[in-house]
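Per-entry structural report
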Number of protein chains: 2
Amino acid sequence: MAEMGTTSGPEILLPIGPPRPGRPRRAQLESALREAVRTGRLAAGQRLPASRVLAGDLGVSRRLVVEVYTQLSAEGYLVGRPGSGTRVSDLPLPPATSAPAAPRSPDRSPRWDMRPGIPTLSAFPHHLWRRAWTAALGAAADSDLAYPDPAGHPRLRQVLAAYLGRVRGVDAHPERLLLCAGFTQGLHLLAHTLRARGARTVALEDPGLPHRAPILHQAGLTVLPVPVDHDGLLVDQLPEQGVDAVLTTPAHQFPTGAVLAPARRETLLAWAGRSGAIVIEDDYDGEFRFDRRAVGCLQGRAPDRVVYVGSASKTLAPALRLGWMVSPAELHTDLLPTKFLADHGSPTLDQLALAHLIEAGDYDRHIRAARTRYRTARQALQQAITRHDVPLRLVGTPAGVQTLATQLDGTHPDQLTARAQAIGIAFDSITRFQLTPDAVPLGVVIGYGNIAPHAIDEAIALLATITNGQRESP
Amino acid sequence: MAEMGTTSGPEILLPIGPPRPGRPRRAQLESALREAVRTGRLAAGQRLPASRVLAGDLGVSRRLVVEVYTQLSAEGYLVGRPGSGTRVSDLPLPPATSAPAAPRSPDRSPRWDMRPGIPTLSAFPHHLWRRAWTAALGAAADSDLAYPDPAGHPRLRQVLAAYLGRVRGVDAHPERLLLCAGFTQGLHLLAHTLRARGARTVALEDPGLPHRAPILHQAGLTVLPVPVDHDGLLVDQLPEQGVDAVLTTPAHQFPTGAVLAPARRETLLAWAGRSGAIVIEDDYDGEFRFDRRAVGCLQGRAPDRVVYVGSASKTLAPALRLGWMVSPAELHTDLLPTKFLADHGSPTLDQLALAHLIEAGDYDRHIRAARTRYRTARQALQQAITRHDVPLRLVGTPAGVQTLATQLDGTHPDQLTARAQAIGIAFDSITRFQLTPDAVPLGVVIGYGNIAPHAIDEAIALLATITNGQRESP
């Protein structure tokens, strides 16, 4: 970023240098703009050049610039205003909001996809899902085709409540279950509902899952990052007052892989009881623990203080947009109209299909098979790292579809990630998930969900040519 | 849990019954203990039997009991202390599980369902939709199962843009098309996006479709009702300044049935051009005009000022929650991150199914058949009213799935609606759709979409016993 691109129109200098080989132009532009906002080089309220102007200056397509602006708006860095174009957001941003490709272009699949958070898409149970969906359509009453129940179809709520109680220890009544379009919509509804009830501040795990902060910001909430360690969220760093809710991943902290320690679970619930705050439990991969049976959810311990949120995004596929939340009665009552005004309720046929899938036992069987596959994939990753002598150490509880890997040779994770990407291996630096800029860059986050075991070994062998300084051709 | 297991050692009763077939013993023991702690049956601090003792009492292995104790300790229900065994955690627990919300009143489908806005649910094209959906699932790439494109799947956007251009005269580019969960989500996204761009006031047709005002209010917008007459929205009552958007149903005003007159279309677009306001065109039943080819949409005349919103709620079924919007480029760019933060994008498989349905020509054929059915149903309604000499006059353009019926005998529409409901006939008084309390109560709004033609005659014959003062038994 030594050079500056100049723009006509609003007189500002954008810290964008000439293209660097090996890195997509779009990614360069995005990260340069993020960095400029983060560091204050582009001030809040500062107007950006029109997309056509910037495109001309940089010699890129206007579409690329529009995509970058869209992306950074999704992340909360920029806002668009009528008649006055795109400006730097004046929201209180966390110094380094992360967030990946919002509209991730579908066409740039890496050769070795080791990005975290993606299940084995090729193992989607086509046959089972078709059978369940067809049965659901065949059995649907005419009234099932009318406008949906905003809470979700009563049949799925009943089946799902029983499932969640049995498998995750959720204290779930069908009357307090709300179907939603994945965790994203769950948090969107919670954020707007809590804000309308007077909430101002939500604490977040740092590092944590992407996109959470912008959803909260958009609802007018302030975000408070709270660090995590090998026992999960540092609950004693939660302020005694002034926090209305805390978002946590107790079963398997993303991305560090920590399981919230028993004593901290107690402390967290006691804190919530004292302060009156709501605990939002994101159980994004609670079904996938490999070393022992998963720890039951927090919500079962304190159903009047905890909102449990789960989804089929990891168990089946993110494209289904099937999620669910169980809330304390009073909050649930307030969530219903928010959901109703947001989309009138979730699509019915997929809900009925999921009910069929669970009742037939196929959901459980599919999850068991997936758990075995992920356990094997993680072992393959560990073995490949050992075999090829790559200076990475897998940390965290063996669970889910990704792991944090700390670097033993002191390379900065951004550097390793960029060099891996240049040879076709995609994983993420932890900095993508860190909310505070001065956080220690612990390592890289490697997914093993959406890559075949033999490909894991290929990818790690290739990675060794970088990390071990051997410049072999792949 | 009728029986209690007794234990030696600490004298407590554990609410654990005999093994139930079909469920693992361990899961039973765990859930019984969780429930006992939750309900207070096992009090905080209460000491549990030693694992060996409980194992003996229950006739299970000691290892199983140790595993259960470990599990529940990890979940925070129990705590283990050296030298003093396992105890119930002393965390302040909720007195009991939260009471469920008040149960929903059971489905009360009326005997004769003549509510407006509902298509013929029994004519949902099960076979065609299953074929299209199955083809979509079969053809889906793995990447189609990942997190969706927030704008909608590129294939559907392409197919739908061509369809909307051909059938409704929409100036639709795939790059300005956004898939959404029906009109409700479309308006939700627009409201939040416009508000973030600085909008304050949105004008609405009065009377108009329900639920619109609360969606706008929730986003922090003020609502300005504007009256309609037999030529649609009274556009000359729109203030020259201070209105940021107007929501209108130009093809078939809901519920009066007026088509926006050509001169008013021009005036409306000129007003929008002068004032800088956005026109939101709700084309909720644009496919269903009976007397002539439908008027093309407004948006095609001024794609830089009009947002076109349509859905499959009337053409297929509301339960699918499939809707779409075409917006001016700059607004579209701002809508994308709003959609992304709201639900990450719409479910993919139904989008691909709709693309298949349209491409196969089945969507057009289904709509043609539905149009014939609705034309016949409206004629049946008119004939029944004449035959039974009911003092109602159908007004408005023959189109869609409902009609306004003015009353010739001066009965207040609320009164007629209530009396009809008492004998099993459901339709709506116009007062349900009026935003201003002192508006003239024009009549009742009668749907003919979700009722069989022979039933229409039955219902109107029965209605005659009310309106004509004859107390015949039905």
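Notes on the structure follow. (Residues numbered from 1 in each chain as written. Chains lettered and ligands numbered in written order. Predicted model: local features only at pLDDT ≥ 70, side-chain atom pairs only at ≥ 80, totals over all residues. Heavy atoms only, no water.)

**A word on the pairing of strand E10 (residues 245–248) of chain B**
Residue and element names in this part refer to chain B. Of the two faces of E10, both are covered, the one formed by Ala245 and Leu247 as well as the one formed by Val246 and Thr248. As paired strands, E10 and strand E11 (residues 278–282) are joined by 4 bridges and run parallel to one another. Looking across to E11, one finds that Thr248 is bridged to Glu281. For the segment spanning E10, helix H8 (residues 262–275) and E11, crossover handedness is right-handed. (Buried < 20%, exposed > 50% of the residue type's maximum accessible area, 1.4 Å probe, protein only. Helix = DSSP H or I, 4+ residues; strand = E, 2+ residues; numbered from the N terminus. Pairing = 2+ DSSP bridges. Right-handed = clockwise from strand over helix to strand, strands pointing away.)

**What about the environment of Arg62(B)?**
Residues and elements named next belong to chain B. Within the secondary structure layout, Arg62 lies in helix H3 (residues 62–74). Taking relative accessible area as the criterion, Arg62 reaches 49% and is therefore assigned partly exposed. Setting aside its immediate chain neighbours within four residues, Arg62 contacts Ser51, Arg52 and Ala55. Of the polar contacts made by the side chain of Arg62, one reaches the side chain of Ser51; its length is 3.0 Å. (Contact = heavy atoms within 4.5 Å. Polar contact = N/O pair within 3.5 Å; in protein donor to acceptor, adjacent residues only side chain to side chain.)

**Overview of helix H10 (residues 348–359) of chain A**
Counted at 1.5 Å a residue, the expected span for H10(A) with its 12 residues is 16 Å, and the 17 Å between its end C-alpha atoms agrees. Extensive coverage of H10(A) is indicated by the burial of 11 of its 12 residues. Turning to H10(A), its buried residues number three or more, namely Thr348(A), Leu349(A), Asp350(A), Gln351(A), Leu352(A), Ala353(A), Leu354(A), Ala355(A), His356(A), Leu357(A) and Ile358(A). Check the buried side of H10(A) and you find it contacts helix H4 (126–139), helix H5 (154–168), strand E6 (177–180), strand E13 (323–326) and helix H11 (362–387) of chain A together with helix H4 (126–139) of chain B. Remark: Gly361(A) follows H10(A) within two positions and exhibits a positive phi of approximately 85 degrees. (Expected span 1.5 Å × (residues − 1).)

**Describing the sheet that holds strand E6 (residues 177–180) of chain B**
Residue and element names in this part refer to chain B. The mixed open sheet is built from 8 strands, whose spatial order is E6-E13-E12-E11-E10-E7-E8-E9. Among the strands making up the open sheet, the edge pair consists of E6 and strand E9 (232–233). Alignment of E11 against strand E12 (residues 306–311), held across 4 bridges, turns out to be parallel. Note that in E12 the partner of Ile280 across the bridge is Val307.

**Some words on the packing of aromatic side chains**
Enumeration according to the criterion identifies 9 aromatic pairs over all chains in this entry. For the pair Phe288(A) and Tyr374(A), a centre-to-centre distance of 5.1 Å together with 85 degrees between the ring planes defines the contact as edge-to-face. Of this pair, Phe288(A) sits in the loop between strand E11 (278–282) and strand E12 (306–311) while Tyr374(A) sits in helix H11, and the two are 86 residues apart along the sequence. For the ring pair Phe254(B) and Tyr284(B), a centre distance of 5.9 Å and an interplane angle of 80 degrees mean the geometry is edge-to-face. (Phe/Tyr/Trp six-rings, centres within 6.5 Å; stacked < 30°, edge-to-face > 60°.)

**Overview of the interface of chain B and chain A**
Listed per partner, the contact involves 73 residues of chain B and 81 residues of chain A. At the boundary of chain B with chain A, total buried surface from both sides reaches about 6,900 Å², with 62% on carbon and sulfur atoms. The interface formed by chain B and chain A includes 0 salt bridges. Taken together, chain B and chain A are joined by 11 residue pairs in polar contact (both at pLDDT 80 or more). Residue assignment for the side of chain B that touches chain A shows that the elements contributing at least two residues are helix H1 (25–39), H3, H4, helix H6 (182–196), helix H7 (212–218), helix H9 (329–343) and helix H10 (348–359) of chain B. (Buried area = accessible area lost by both parts, 1.4 Å probe. Salt bridge = Lys/Arg side-chain N within 4 Å of Asp/Glu carboxyl O.)

Interpretation note: all reported values are geometric properties and have no functional meaning in isolation.
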